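Structure at a glance
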Amino acid sequence: FCFLAHQAALVEPPPAIETWQRVVVLWEAFLEYLPDRVIQPNQGNIGPTSFDRFDLEWQQALIQGDGGRMKDLLIWKTSELLGAARERVGDLSGAIEAYRRAFATVPDDGALHLRVARILEHLQMPGEALMEYETALAVDSFYFEARWHYAQLLFRLGRRSEGIAL
């Protein structure tokens, strides 16, 4: 599927925004297709992994023969990629929706919570952004980037003592 998305972007050299719009359509089609499919793990196809969380969890689900978990992981990663593509085309509400779909399967992805918080800040929704920063820090209290942006937002909101306490 990734190959198809890549090929759609290479058919002709359209403007960058058009390319990303095509990618969005393909990712959405894949997400509609995926939930009705059953994933059958192939135990003999275990390869080396990186330290990417998706890769590690995918390999673990593969070893355990957990097709349901593999489907959840595909929904998570596809939703994350759809969110990133929507960000690229300027559809920030659509990006948030896609990222929240990813949270439904993997709620403890602090990096995605950070991305949503940054978008919410951009959309002038500081209350919701604060909640997303708090969630990112609840997932990983040592997540420096989330802590930094959270403190910066608190400072901009005039809540300096809270920002300093972080």
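Parameters at a glance
Residues numbered from 1 in each chain as written. Predicted model: local features only at pLDDT ≥ 70, side-chain atom pairs only at ≥ 80, totals over all residues. Heavy atoms only, no water. Core = buried A, V, L, I, M, F, W, Y, C linked by side-chain atoms within 4.5 Å. Buried < 20%, exposed > 50% of the residue type's maximum accessible area, 1.4 Å probe, protein only. Helix = DSSP H or I, 4+ residues; strand = E, 2+ residues; numbered from the N terminus. Contact = heavy atoms within 4.5 Å. Phe/Tyr/Trp six-rings, centres within 6.5 Å; stacked < 30°, edge-to-face > 60°. Expected span 1.5 Å × (residues − 1).

Focus: the nonpolar core
Trp76 and Tyr133 are the most contacted members of the largest nonpolar core, which totals 30 residues. Put simply, the parts of the chain that give this core at least two residues each are α3 (53-64), α4 (67-88), α5 (92-105), α6 (110-122), α7 (126-139) and α8 (144-156). With near-sequence residues (within four places) excluded, Tyr133 lies in contact with Leu114, Ala117, Arg118, Glu121, Ala146, His149, Tyr150 and Leu153.

Things to note about the packing of aromatic side chains
Centre distance and the angle of the planes are the two values used to describe a pair of aromatic rings. A complete count under the given rule lists two aromatic pairs for this structure. Here the aromatic rings of Tyr133 and Tyr150 are separated by 6.0 Å at their centres, their planes lie at 40°, and the arrangement is tilted. Of this pair, Tyr133 sits in helix α7 while Tyr150 is found in helix α8, placing the two residues 17 residues apart along the sequence. The class for Tyr133 is buried, based on a relative accessible area of 0%.

Focus on α8
Spanning 13 residues, α8 covers 18 Å between terminal C-alpha atoms, matching the ideal 18 Å at 1.5 Å per step. Looking only at α8, the buried set comprises Ala146, His149, Tyr150, Ala151, Leu153 and Leu154. Against the buried residues of α8 lie α6, α7 and α9 (160-165).

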